[in-house]
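Next come the chains, spelled out residue by residue.
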Amino acid sequence: MKKYIFGSLILAAGMLASCSLDETPKSSFSEEEAMQSETLIYVNTVAAVYNSLGNRQATDMMDASNFVGDEYIVAGRLGDWVDGGTPQNKVTHNILPSQGGQADWSPLYTTISQANSAIAKLEGYKDKVAAAENYIYELRAYRAFLYYHLCDFYGNVPLVTSAEQTMADTQQSSRPEVFKFIVNELNECMPHLSGDQSQKSGTYFGRMTKPVAYMVLAKMAINASIFQLDPSQANWSKDYMGSDMTGNNTVSEAKATEITNLMKNVSLTIDGKTMNSLEATVYCVNKLEELGYKLSPSYTENFAPTNENSVENIWTVPNDANTYRRYWDHERRSWHYNHAGHPAYKGFSAWNGPCATTWLAKQYGYTEDRQETGVDPRFAMNFFIDRDCVNETGERVLDGANTVDVNSSELALEYMPLWACVDFGSSESQVKAKQASAKYYSGIDAGAFFQHVVKCAGARYKKYAFDFSTSDASYPGNDLVVWRFADAKLMRAEAEYRLGDKATALAEVNDVRARVGLEPLSEITMQVISEERQKELAWEGTRRQDMIRYAILNQPTPDRYEGVPVNSSASKYVKLDGHTYVWPIPADQMSLNTNLKQNWGY
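This structure is a prediction, so every number in the text was calculated from the model and none was measured. (Residues numbered from 1 in each chain as written. Predicted model: local features only at pLDDT ≥ 70, side-chain atom pairs only at ≥ 80, totals over all residues. Heavy atoms only, no water.)

To describe two helices that pack against each other, one gives the angle between their axes and the distance between the axes. The geometry of helix α6 (residues 105–123) relative to helix α7 (residues 132–153) is characterised by a closest axis approach of 10 Å and an angle of 165 degrees between their N-to-C directions. Comparing the axis directions of α6 and α7 gives the class roughly antiparallel. You can see that α6 and α7 cross each other, and the crossing is left-handed. Contact residues: α6 offers Trp105, Leu108, Tyr109, Thr111, Ile112, Ala115, Asn116, Ala118, Ile119, Leu122 and Glu123, while α7 offers Ala132, Tyr135, Ile136, Leu139, Arg140, Tyr142, Arg143, Leu146, Tyr147, His149 and Leu150. A breakdown of the residues in the contact of α6 with α7 according to their chemical character gives 16 nonpolar, three polar and three charged. (Axes fitted to C-alpha atoms, helices over the stretch in contact; angles between N-to-C directions. Helix = DSSP H or I, 4+ residues; strand = E, 2+ residues; numbered from the N terminus. Parallel < 35°, antiparallel > 145°, perpendicular 65-115°, else oblique. Left-handed = near helix turned anticlockwise from the far one by under 90°. Contact = heavy atoms within 4.5 Å. Nonpolar A, V, L, I, M, F, W, Y, C, P; charged D, E, K, R; others polar.)

Another point: helix α3 (residues 38–53). Given a rise of 1.5 Å per residue, 16 residues ought to cover 22 Å, and the 23 Å separating the end C-alpha atoms of α3 matches this to within 8%. The largest bend along α3 measures about 40 degrees and falls at Ala47. Burial in α3 covers these residues: Leu40, Ile41, Tyr42, Val43, Asn44, Thr45, Val46, Ala47, Val49, Tyr50 and Leu53. (Expected span 1.5 Å × (residues − 1). Bend = angle between axes of the 7 residues up to and from the residue. Buried < 20%, exposed > 50% of the residue type's maximum accessible area, 1.4 Å probe, protein only.)

This next bit is on the side chain of Glu508. Examined against the element boundaries, Glu508 turns out to sit in helix α21 (residues 502–515). Classification of Glu508 as buried rests on a relative accessible area of 6%. Excluding residues within four positions of it along the chain, Glu508 makes contact with Lys489, Arg492, Ala493 and Glu496.

Checked against the element boundaries, Asp70 lands in the loop between α4 (60–66) and β1 (72–73). With a relative accessible area of 1%, Asp70 lands in the buried category. Side-chain polar atoms of Asp70 contact the side chain of Asn249, separated by 2.4 Å. (Polar contact = N/O pair within 3.5 Å; in protein donor to acceptor, adjacent residues only side chain to side chain.)

Over its 12 residues, helix α11 (residues 253–264) runs 16 Å from end to end, which matches the ideal 16 Å to within 8%, given 1.5 Å per residue. Taken together, the buried positions of α11 are occupied by Lys255, Ala256, Ile259, Thr260 and Met263. Buried positions in α11, seen along its axis, are confined to an arc of 145 degrees and lie on one side of it. Structurally, the start of α11 carries an N-cap: the backbone nitrogen of Ala254 is 3.3 Å from a side-chain oxygen of Ser252. (Arc of directions from axis to C-beta.)

This paragraph deals with the pattern of salt bridges. Applying the stated criterion across every chain yields a total of 36 salt bridges. Between Asp70 and Arg543 there is a salt bridge whose closest N-O contact spans 3.0 Å. Taken together, the positions of Asp70 in the loop between α4 and β1 and Arg543 in helix α23 (residues 543–549) put the pair 473 residues apart, joining distant regions of the chain. Look at the salt bridges and you will find they share partners, linking Glu312, Asp376, Arg378, Lys463, Arg484, Arg513, Arg515, Glu532, Lys535, Glu536 and Glu540 into a network. (Salt bridge = Lys/Arg side-chain N within 4 Å of Asp/Glu carboxyl O.)

Per the counting criterion, the structure on display carries 40 aromatic pairs. With a centroid separation of 5.9 Å and 45 degrees between ring planes, the pair formed by Tyr299 and Phe303 is classed as tilted. Judged by its relative accessible area of 3%, Tyr299 falls in the buried class. Note on Phe303: relative accessible area 1%, which makes it buried. Site record: aromatic cluster; members linked through ring pairs are Phe67, Tyr72, Tyr299, Phe303, Tyr364, Tyr366, Phe379, Phe383, Tyr461, Tyr464 and Trp539. Geometry around Tyr440 places Arg370 over its ring, the cationic atom sitting 3.9 Å from the centre. Here the basic side chain of Lys434 rests over the ring of Trp419, its NZ or CZ set 4.3 Å away from the ring centre. (Phe/Tyr/Trp six-rings, centres within 6.5 Å; stacked < 30°, edge-to-face > 60°. Lys NZ or Arg CZ within 6 Å of the ring centre and 35° of its normal.)

Over the atoms rolls a probe the size of a water molecule, and in doing so it shows where empty space is left. The calculated volume of the largest pocket comes to roughly 510 Å³. Lining the largest pocket are 23 residues, with Thr358, Leu418, Trp419, Ala420 and Lys434 sitting closest to its centre. Listing elements by their share of the lining of the largest pocket, those giving two or more residues are α15 (358–363) and α18 (428–435). Ranked by residue count, the leading element in the lining of the largest pocket is α18, at three residues. Among the residues forming the lining of the largest pocket, the class breakdown is 11 nonpolar, five polar and seven charged. (1 Å grid on protein atoms, 1.4 Å probe; cavity = no way out; pocket = protein on both sides within 12 Å on 5 of 7 lines; lining within 4 Å. Points joined across faces, edges and corners; volume = space filled by probe spheres on them.)

Our next topic: the environment of Glu392. For Glu392, the location among the structural elements is in helix α17 (residues 388–393). According to the relative accessible area criterion, Glu392 is partly exposed, its value standing at 25%. For the pair Glu392 and Asn319, spaced 73 residues apart in sequence, the C-alpha separation works out to 22 Å. If near-sequence neighbours (up to four positions away) are discounted, Glu392 is found in contact with His339, Tyr345, Phe384, Phe466 and Phe468. Of the polar contacts made by the side chain of Glu392, one reaches the side chain of Tyr345; its length is 3.4 Å.

This part covers the nonpolar core. Counting residues in hydrophobic clusters, the biggest one holds 173 residues, and the most contacted among them are Tyr147, Ile182, Met208 and Phe383. For this core, the element with the highest residue contribution is α7, accounting for 15 residues. In this structure, Tyr147 is in contact with Tyr109, Ile112, Val157, Pro158, Leu159, Val160, Val178, Phe181 and Ile182, ignoring residues within four places of it in sequence. Core analysis: the second largest hydrophobic core is formed by 10 residues, Val91, Cys355, Val422 and Tyr573 among them. (Core = buried A, V, L, I, M, F, W, Y, C linked by side-chain atoms within 4.5 Å.)

To continue, consider the pairing of strand β4 (residues 267–270). The alternating pattern of β4 places Leu268 and Ile270 on a buried face, while none of Ser267 and Thr269, on the opposite face, is buried. Pairing geometry for β4 and strand β5 (residues 273–276), over four bridges, is antiparallel. Bridge pairing links Ile270 to Lys273 in β5. Hairpin geometry of β4 and β5 is characterised by an intervening segment of two residues between the two adjacent antiparallel strands and by a positive phi of about 55 degrees at Asp271. (Pairing = 2+ DSSP bridges.)

Once that is clear, we can look at unusual backbone geometry. Look at Asn235: it is not a glycine, yet its phi comes out positive at around 55 degrees. When you line up the elements, Asn235 lands in the loop between α9 (210–222) and α10 (238–241). Its identity as a non-glycine residue notwithstanding, Arg370 has a phi of 55 degrees, on the positive side. Among the structural elements, Arg370 can be located in the loop between α15 and α16 (377–382).

Overall, the coordinates contain zero disulfides when judged by the stated rule. The closest cysteine sulfur to the non-disulfide-bonded Cys284 is located on Cys189, 15 Å from its own sulfur. Left without a disulfide partner, Cys421 is nearest to the cysteine sulfur of Cys355, which lies 8.6 Å away. Assessed through its relative accessible area of 16%, Cys421 is described here as buried. (Disulfide = S-S within 2.5 Å.)

Right, dumping it as structure tokens:
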């Protein structure tokens, strides 16, 4: 069993809440009693901070990254998933400051506040416990990781680094200042961090270690040029993005060259070595390789219920049904009710929500219903498609719209990758018009077919293997992957390509492809790198950053275009100006802290 970080935390919580059997029981321990050993000091400071953010770094933060990109949508399925238009507004980029908290401002700052308090408490124990100083460095590095998310999502944010500071009184720091703070903090902490692999069971399971810090630095480096811009200034991203938004999600080599030159103009000092941001990316990934990270022989083992054995996962959120109790809902939000409701899932319920875009399905080479050949194998590794759900449930089930003989009718539950749309209530005529050219459904009543599509459209979440051994499907044993080496390796390939070493970049990409049995590519472009990252890393929260770096976040796809049908409660898609490269600062935070200036365009 994996019982190091949060298992100890649960134990300590029980100890602190217990009482003696004396006639006058203690209701709680004093701080001195709670901090009288190295183990209790760790549990009540460092572990408590890790526990604060919980699985948000693998769920809510991923949503903040992915809903505005081209990977997946929350389709408005008539009575389901309309929710006042909010999910559809993410797809159309009509994001309001009242929705800004969905990028997790408050949980991130709450955790930062707890880290600051824990650091202050640990300062008082440095003379008593030798490990206290290293715990401080660990918390500072973890706090830098939290600021990495704030820098990415919001840009200009307050740097609160002391337990005495209050958010209401703290001035906003510029994005370049936040960038510099994060890099400097990680540099100062690095020598004091353990070199252990954080994803493996043991003392440092799920903790901030050297490899995790190098991965944060790699992410900072590859995105350094965009992190130098001030999102509060009008048209702040125009020079970076350009004005051509007609490319249908195609990466321009000319624009890539411009961005490469910007990347070369940003310097980072890491381990005493000063490099441009591309060289720094390569350096950090090389350090990860030196620390033992590599591609796992199997793609899917990185997401298995026992994935703490992965040699590829760099950082995970520990998770199981007993010790860590990480409730998460990736599957339940995406799967059809009747798929999840099968007895094999022990009462598992689902919401029939987020699905892959048609754009993504076609990126994998899926171009016709129930296609058997010519599809990238990672599509079926990441998504339930067609009637894959039968393999999990062991039988065909109802589609949720039609009461039919599931063994004889085409209207049994299946997942239809090419039929997803932003809102079915506004797209009924378009769906029915496509029925005539559909391979399997020409003889079915149009109304029944439309209802079938509403409930079944879109490939569904399959990244993590379902844990059939758990006693509660909401608490699986799969540790939640924050970052893995395939991501790092493809970042290094991009940096090498931009630095002019196309041969090495191509070899890196082909290594990743070979792992899933794909033939090697003979040439490489920025478009190839974009596509390979998308197909390898689907559902892992990387696509928004990538699209910004490739200047394609504003470009249309078959799912995202001006005039795409949306629900009457949502706002229509408009040609974008780049302000949604960051989220708005939440309206409630603007009211709380009058020092804050809203990001441009909101």
